[in-house]
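Read off the chains here:
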Amino acid sequence: MARSKITLIGGGQIGGNLALLAAQKELGDVVIFDIPQAEGMTKGKALDISQLLPHDGYDTTITGTSNYEDIKGSDVVIITAGIPRKPGMNREDLLDINLKIITDVANNVKKYAPGAFVIVVSNPLDAIVYAFYKVSGFSKSKVAGMAGALDSSRFRSFIATELNVSVQDVQCMVMGGHGDTMVPIIRSATVGGVPVTDLISAERLEEILNRTRFAGGEIVKLFGNGSAYYAPAQSAIEMAESYLKDKKRVIPCASLCEGEFGIDGFFIGVPSVIGSNGIEKIIEFPLTDEENQNLLKTLEAVKKTVAETKL
Ligand code: A3D
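Fair warning: this is a prediction, and the values are worked out from it, not measured in the lab. (Residues numbered from 1 in each chain as written. Predicted model: local features only at pLDDT ≥ 70, side-chain atom pairs only at ≥ 80, totals over all residues. Heavy atoms only, no water.)

Structural notes on the nonpolar core
Part 1 of the argument: In terms of nonpolar packing, the biggest core is built from 49 residues, with Ile9, Ile79, Val109, Val118, Phe132 and Met175 touching the most fellow members.
Part 2 of the argument: Taken together, the elements giving at least two residues each to this core come down to β4 (76-79), α4 (95-112), β5 (117-120), α5 (125-136), β12 (249-258), β13 (264-275) and α10 (289-309).
Part 3 of the argument: Structurally, this core is a two-domain feature, drawing no fewer than three residues from each of domain 1 (5-145) and domain 2 (148-307).
Part 4 of the argument: For Ile79, the residues in contact, after removing those within four places along its chain, are Ile9, Ile102, Val105, Val118, Ile119, Val120, Val121, Ser122 and Phe132.
Part 5 of the argument: In terms of nonpolar packing, the next biggest core, distinct from the first, is built from 36 residues, Ile6, Ala144, Ile237 and Ala240 among them. (Core = buried A, V, L, I, M, F, W, Y, C linked by side-chain atoms within 4.5 Å. Buried < 20%, exposed > 50% of the residue type's maximum accessible area, 1.4 Å probe, protein only. Helix = DSSP H or I, 4+ residues; strand = E, 2+ residues; numbered from the N terminus. Domains from an automatic or database assignment. Contact = heavy atoms within 4.5 Å.)

Structure follows, in structure tokens:
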């Protein structure tokens with residue numbers, strides 16, 4: 001069987017880590033694409049990663065390029081092209097620049113990789129994934145935004161640290177937009193099957209939730225020049241892997257809702273089944289009144305940023 005082809009549009013901090021993870025998981029051959037000014041960097045990263053593969057015997061080819069022809073026939077395209085946040089910026093501050101970039105990227109992905117499953121990571125996520133969908137004309141099942149996977153894993157890591165238990169046994173789902181209005185579904189959070197609400201006080205849980213809401217900003221402040229990249233890369237790879245291996249994992253990601261949870265025409269974080277047909281299904285379930293209200297709040301925030309795209 002021929003190897004799959006994974007294209008990374010944007011070879012910066014997340015892009016480089018995506019290449020490493022895709023290679024180490026042997027998901028397929030990897031192409032790192034970036035603008036001509038950054039072509040040397042993509043080629044350098046490709047060489048550097050290629051040279052670590054013999055240690056554990058990963059068989060994959062990694063190339064760097066600034067020529068869109070090289071992305072032809074990609075099975076998966078992960079987009080991180082754009083600029084990240086600096087201290088004092090919120091995700092919405094990135095809209096103008098990243099919107100121009102995603103328009104160019106969407107036109108080229110449409111031309112050279114029309115059959116790919118596309119995972120958008122660039123911020124402001126909910127608006128940029130919407131813009132990609134509108135400009136590319138891809139079917140809704142082939143476009144998803146990575147956010148909920150990261151927000152959920154942040155929450156899971158904080159809970160595991162709090163209780164000194166394995167992260168593997170902590171489950172939780174975060175819905176909604178990628179931003180301060182994200183909606184963690186606390187009643188779905190469990191530790192080894194035990195509801196987290198039986199293990200952690202309501203006050204302490206609220207503190208952990210707040211830390212989750214601002215976890216991206218916490219890292220932006222510490223870095224001083226850029227945003228998180230290890231965990232975002234891992235989260236996007238989880239989505240790509242589920243698609244390429246038809247795992248049908250249930251991952252919270254920004255999927256186009258058309259009536260689900262009462263939302264129509266917007267990408268928003270919802271539990272989604274990812275298999276070889278892309279976003280195969282959104283798992284809908286009844287929300288409590290409070291969760292519903294919080295989801296509506298997040299929808300308002302998403303609508304506002306999407307309106308600014310004028311698409
Ligand atoms: P960075 O290291 O700056 O990499 C971005 C890369 O995009 C750079 O190498 C640029 O040269 C490249 N680029 C710019 N314009 C184009 C273009 N037209 N075509 C192709 N490549 C281009 O940033 P990063 O990797 O740290 O972050 C990338 C994006 O992900 C930013 O928008 C972040 O805000 C976003 N991000 C999202 C999350 C989510 O959870 C959604 C988390 C962390 C970062």
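Considering the site of the ligand
Part 1 of the argument: Around the ligand lies a shell of 28 residues, among which Gln13, Ile14, Asp34, Ile83 and Val121 are the nearest.
Part 2 of the argument: Separating an oxygen atom of the ligand from a side-chain N or O atom of Asp34 is a distance of 2.6 Å.
Part 3 of the argument: At a separation of 3.3 Å, an oxygen atom of the ligand approaches a polar backbone atom of Gly82.
Part 4 of the argument: Bound to the protein, the ligand loses 89% of the 870 Å² it would expose on its own.
Part 5 of the argument: Counting atoms within 2 Å of the grid points, the majority share of the ligand lands in the largest pocket.
Part 6 of the argument: Those elements that provide at least two residues to the shell around the ligand are α1 (13-24) and α4.
Part 7 of the argument: When residues of the shell around the ligand are assigned to domains, at least three map to each of domain 1 (5-145) and domain 2 (148-307). (Near = heavy atom within 4 Å. Polar contact = N/O pair within 3.5 Å; in protein donor to acceptor, adjacent residues only side chain to side chain. Areas by Shrake-Rupley, 256 points an atom, 1.4 Å probe, with all protein chains shown as cover. 1 Å grid on protein atoms, 1.4 Å probe; cavity = no way out; pocket = protein on both sides within 12 Å on 5 of 7 lines; lining within 4 Å. Sits in = over half its atoms within 2 Å of the grid points.)

Quick word on the packing of α1 against helix α9 (residues 230-244)
Part 1 of the argument: As a packed pair, α1 and α9 sit with axes 9 Å apart at the nearest point and diverge in direction by 50°. Here α1 is positioned oblique relative to α9, judged by the angle of their axes. When you trace α1 past α9, the crossing you get is right-handed. Counting all contacts with α1, which are made through Ile14, Asn17, Leu18, Leu21 and Ala22, the residues of α9 involved are Tyr230, Pro232, Ala233, Gln234, Ala236 and Ile237.
Part 2 of the argument: Its residues placed into classes, the contact of α1 with α9 shows nine nonpolar, two polar and no charged. (Axes fitted to C-alpha atoms, helices over the stretch in contact; angles between N-to-C directions. Parallel < 35°, antiparallel > 145°, perpendicular 65-115°, else oblique. Left-handed = near helix turned anticlockwise from the far one by under 90°. Nonpolar A, V, L, I, M, F, W, Y, C, P; charged D, E, K, R; others polar.)

Examining the layout of surface pockets
Part 1 of the argument: Considering only enclosed or pocket space, the largest pocket measures out at about 910 Å³ in volume.
Part 2 of the argument: Of all the elements in the fold, those that place two or more residues in the lining of the largest pocket are α1, α4, α6 (148-163) and α8 (215-223).
Part 3 of the argument: Among the elements that line the lining of the largest pocket, the one with the most residues is α4, at four residues.
Part 4 of the argument: Split into classes, the residues belonging to the lining of the largest pocket amount to 21 nonpolar, 15 polar and six charged.
Part 5 of the argument: Split by domain, the lining of the largest pocket shows at least three residues from each of two domains, domain 1 (5-145) and domain 2 (148-307).
Part 6 of the argument: Of the volumes computed, that of the second largest pocket is approximately 470 Å³.
Part 7 of the argument: If you go around the second largest pocket, you meet 20 residues; those closest to its centre are Ser152, Arg156, Cys172, Glu238 and Arg249.
Part 8 of the argument: The set of elements that each furnish at least two residues to the lining of the second largest pocket consists of α6, α9 and β12. (Points joined across faces, edges and corners; volume = space filled by probe spheres on them.)

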